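# Report on the structure
Okay, here's what each chain looks like letter by letter:
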Amino acid sequence: MWCALLRNWTAGVALALLSAVAPQAAKAYQVDCAILLCLAGGWPASAECAHARAVFIRRITPWPIEPPLQIWRCPMGVSERAPFQSTVPKIWEASNQSGQALGQVILAQVVEGGADIDISGLEFDFVRSIRVWDVRHYSHRERGRDDDCSESYDMRLGTYGMQGEFGWQRTTPAAAPQWVLPSRRCSSSNWRRGVGVEWEDHEGNHGYEWVAY
């Protein structure tokens, strides 16, 4: 049920954004709207979604580390003024054919700290599924001392709140998934440093990307 609601919502947002701009204003490409739509749809194959994903990943590449989706930069509230007229597959099809569907979006007034509509429903769980791991982890065992392992770390986890606001909190190696810390096994020198981002699309399919530095 909520997947169908999301499909209707994404269609309405995209169509409202496209209908809200005159051709001369369509040059302003709002990448966060594209990230939102493409992430929800599982990053479908199109030039716009390829660019949106590249920006999504580039934002977590140090330094600085930015929220990969800045939903406050996408004017979703405009959808309230336009009827839902289509479906997501048609949007992706138009995107692939014309190369302009997701690109023809106006730059909007920034709403800091969250979306400009209520996104607390289950249909927006894909936004809250985004997690950013900022990791510096080191474990070390002195040669000839099998029972002595020292571990040090500095780790943060970035998450999204109910309305898409982004924040950091301290975390520990025990909380990290295996793709973040593939091994905590002690050796003469075991060093892991980088930033990773994981997400789920609206169907719950999981993906992640790791950037070492």
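Structure: see above.
All values derive from a computational prediction rather than experimental measurement.

For Arg185, the position within the fold is in the loop between β3 (166-170) and β4 (190-200). A residue is classified by how much of its surface remains accessible, and Arg185, at 61% relative accessible area, is exposed. Considered as a pair, Arg185 and Cys149 are 36 residues apart in the sequence and their alpha carbons are 9.1 Å apart.

To continue, consider the state of the cysteines. Going through the model one piece at a time under the given rule, you end up with two disulfides. Each disulfide pairs two cysteine sulfurs, and for Cys38 the partner residue is Cys49, the sulfurs being separated by 2.1 Å. Judged by the sign of its S-S torsion, about -80°, the cystine formed by Cys38 and Cys49 is left-handed. With Cys38 in helix α2 (residues 31-40) and Cys49 in helix α3 (residues 47-58), this pair connects stretches of sequence that are eleven residues apart. By the burial criterion, Cys38 is buried, and Cys49 matches it.

In this structure, Phe56, Leu69 and Ile71 are the most contacted members of the largest nonpolar core, which totals 35 residues. Of all the elements in the fold, those that place two or more residues in this core are α2, α3, α5 (125-128) and β4. Looking at this core element by element, the count peaks at eight residues for α2. With sequence-adjacent residues up to four places away left out, Phe56 is seen in contact with Ile35, Trp43, Pro68, Leu69, Ile130, Val197 and Trp199. The next biggest cluster of nonpolar side chains, apart from the first, holds nine residues, and it includes Met155, Ala176, Trp179 and Trp210.

Rules behind the numbers
- Residues numbered from 1 in each chain as written.
- Predicted model: local features only at pLDDT ≥ 70, side-chain atom pairs only at ≥ 80, totals over all residues.
- Heavy atoms only, no water.
- Helix = DSSP H or I, 4+ residues; strand = E, 2+ residues; numbered from the N terminus.
- Buried < 20%, exposed > 50% of the residue type's maximum accessible area, 1.4 Å probe, protein only.
- Disulfide = S-S within 2.5 Å.
- Core = buried A, V, L, I, M, F, W, Y, C linked by side-chain atoms within 4.5 Å.
- Contact = heavy atoms within 4.5 Å.

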